[in-house]
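# Structure at a glance
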Amino acid sequence: MNLPDMESIDEQLTAYLDGELSSAEASALERSLVGDEKLRLRLAALRQAYELLDEIPETPHDQRFTKSTLELVIKDLSTTTRFVAGNESVPKAKAVDWWEWPRVSLLLATFMMVGVAAACGFNFENARRELRDLGLIAGIRGLEDINELKNAVKLSKETEVFAVLRDNLSEKLIPPPPDSTWQRKTWVQGLTPNQISRLDSGRERLSTLDRETRTRLAAIESQIEALPDHKQIQETVHLTGLVLDSLGSAKRLDMEVMKSEQRYEFLKELLCMKAAEFYAAHIPPEDAAALEQWDLATFNPALILAVLPERPTAMDTRSLLGQLLFRKRIDHLEDQDSLIAELTSKLSPTAKKLIEGVNKSEQIKVLNIWLFPNSTVSSTATLIDYYDKMDSDNWRDFRDRIDLVDPQDIRRRLFPLAPRRRP
């Protein structure tokens, strides 16, 4: 069979498959198919081509595209099938491509590697974002309290104040996160349970802030991180938050209506007062000696005149201070500025900074704490220390009674037991 005859037959068979032959033409072709195996094989090959076309996804097309596609499939089929004598059709054998599966495996492995790399990159970015926010989380309370970058910078200059606070709050103080992401992972692992608890509290606090406040505080933290002395400023922020936490929420409410400069002065006094309380527990010998000498020569006589102006009589400083504070007659202390100036000229730079950093009324409270650190018993830790020391047989019964009283009454019970001695 020559090529023109084959093309003519293919056109007839294609028309037959398309249902375009008349009844007579279709009947004649079917009779030919019964007696011609080659014709049947050719019809089967064309039907196979049609089935292949059915598997091609449907896309918008026109009739010319369908026809040309069909012609290409038929042409391809005619080159892959050869007719031989004896009415047999032998398809060309497909060569085995031994590289096919290795290529597929390589492709799959590449996809897997790309997927793993993408997942690792996504997780790393999330971790980096969380680590980047650690500075904000750790200092969120302090950032809220200080409220402005310039206040944070100004407070950080009070090095003596924050040195005392750092020494006494180191267990809770969260160290500033390092700059490197990898170092930050080690930084997190080195935190104490107390510090982790504060981080959790900061994260919870951050989640409650509105978008505007969070954005503003994050901007302040970013500005701090860009400064050369950022670690010192971050420590200032963290310590400020710790001090305000120990003083309760009332102080924070007081600051809500304050302007920038007012807030700075308010915070400075609070920080100095808290540092002065801590300082009372570990007053250096030179400061203790200066306080005692000043008290005997200057302060006690001035207190007698302020408390007992009509009938001055000898009284100990602690009793006089107690009356002065109880009666709220601090204004009656004549020339307080000169009295304080005389004292501070004999004190160490740290002690001088602390007492000069609080207002006049608070200065008397500081002096009361410094002169008689144990008489105030203002620290819960001090009370617990006294309680723990009641382990002898003489005190055991009293400890048992304290265990049974109302917690609000424990301070009153323990107060008379605290030793009251001069530094």
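To be clear, the structure that these remarks concern was listed above.
Right, let's walk through the structure included here.

Conventions and cut-offs
Residues numbered from 1 in each chain as written. Predicted model: local features only at pLDDT ≥ 70, side-chain atom pairs only at ≥ 80, totals over all residues. Heavy atoms only, no water. Helix = DSSP H or I, 4+ residues; strand = E, 2+ residues; numbered from the N terminus. Buried < 20%, exposed > 50% of the residue type's maximum accessible area, 1.4 Å probe, protein only. Contact = heavy atoms within 4.5 Å. Areas by Shrake-Rupley, 256 points an atom, 1.4 Å probe, with all protein chains shown as cover. Phe/Tyr/Trp six-rings, centres within 6.5 Å; stacked < 30°, edge-to-face > 60°. Lys NZ or Arg CZ within 6 Å of the ring centre and 35° of its normal.

## Description of the overall build of the protein
The helix and strand inventory of the protein stands at 24 helices and 2 strands. Expressed as a percentage of the 423 residues in the protein, the buried residues total 36%. A separation of at least 24 residues holds for 68% of the contacts in the protein among residues at least 6 apart in sequence. Accessible surface, the protein: about 26100 Å² in total, of which carbon and sulfur atoms supply 55%.

## Focus on the packing of aromatic side chains
In the structure shown here, the tally under the stated rule is 2 aromatic pairs. Here the aromatic rings of Tyr 279 and Trp 370 are separated by 5.5 Å at their centres, their planes lie at 55°, and the arrangement is tilted. With a gap of 91 residues between them, Tyr 279 in helix 15 (residues 260-280) and Trp 370 in helix 20 (residues 360-371) connect regions that are remote in the sequence. Overall, Tyr 279 belongs to the buried group, its relative accessible area being 9%. Ring centres 4.6 Å apart and planes at 15° place the aromatic pair Trp 294 and Phe 299 in the stacked group. Each of the two residues, Trp 294 as well as Phe 299, counts as buried. The positively charged end of Lys 154 is found above the aromatic ring belonging to Tyr 264, 4.0 Å away from the centroid.

## Some points on the environment of Glu 171
Its location among the elements puts Glu 171 in the loop between helix 9 (159-169) and helix 10 (181-189). In this structure the C-alpha to C-alpha distance between Glu 171 and Thr 192, which are 21 residues apart in sequence, comes to 7.7 Å. Not counting residues up to four positions away in its chain, the partners in contact with Glu 171 are Thr 192, Asn 194 and Gln 195.

## With respect to unusual backbone geometry
Apart from glycine, the bulk of residues carry a negative phi angle, and the bulk of peptide bonds sit in the trans form. For Asn 147, which is not glycine, the phi torsion reads 75° and is therefore positive. Tracing the backbone shows Asn 147 in the loop between helix 7 (140-146) and helix 8 (149-156).

## Let's talk about the side chain of Thr 317
Position of Thr 317 relative to the elements: it lies in helix 17 (residues 317-326). A relative accessible area of 3% means that Thr 317 is categorised as buried. If we skip the residues at most four places from it in the chain, Thr 317 touches Asp 295, Phe 299, Asn 300, Leu 303, Leu 371 and Phe 372.

No statement about biological role is implied by the geometric values presented.
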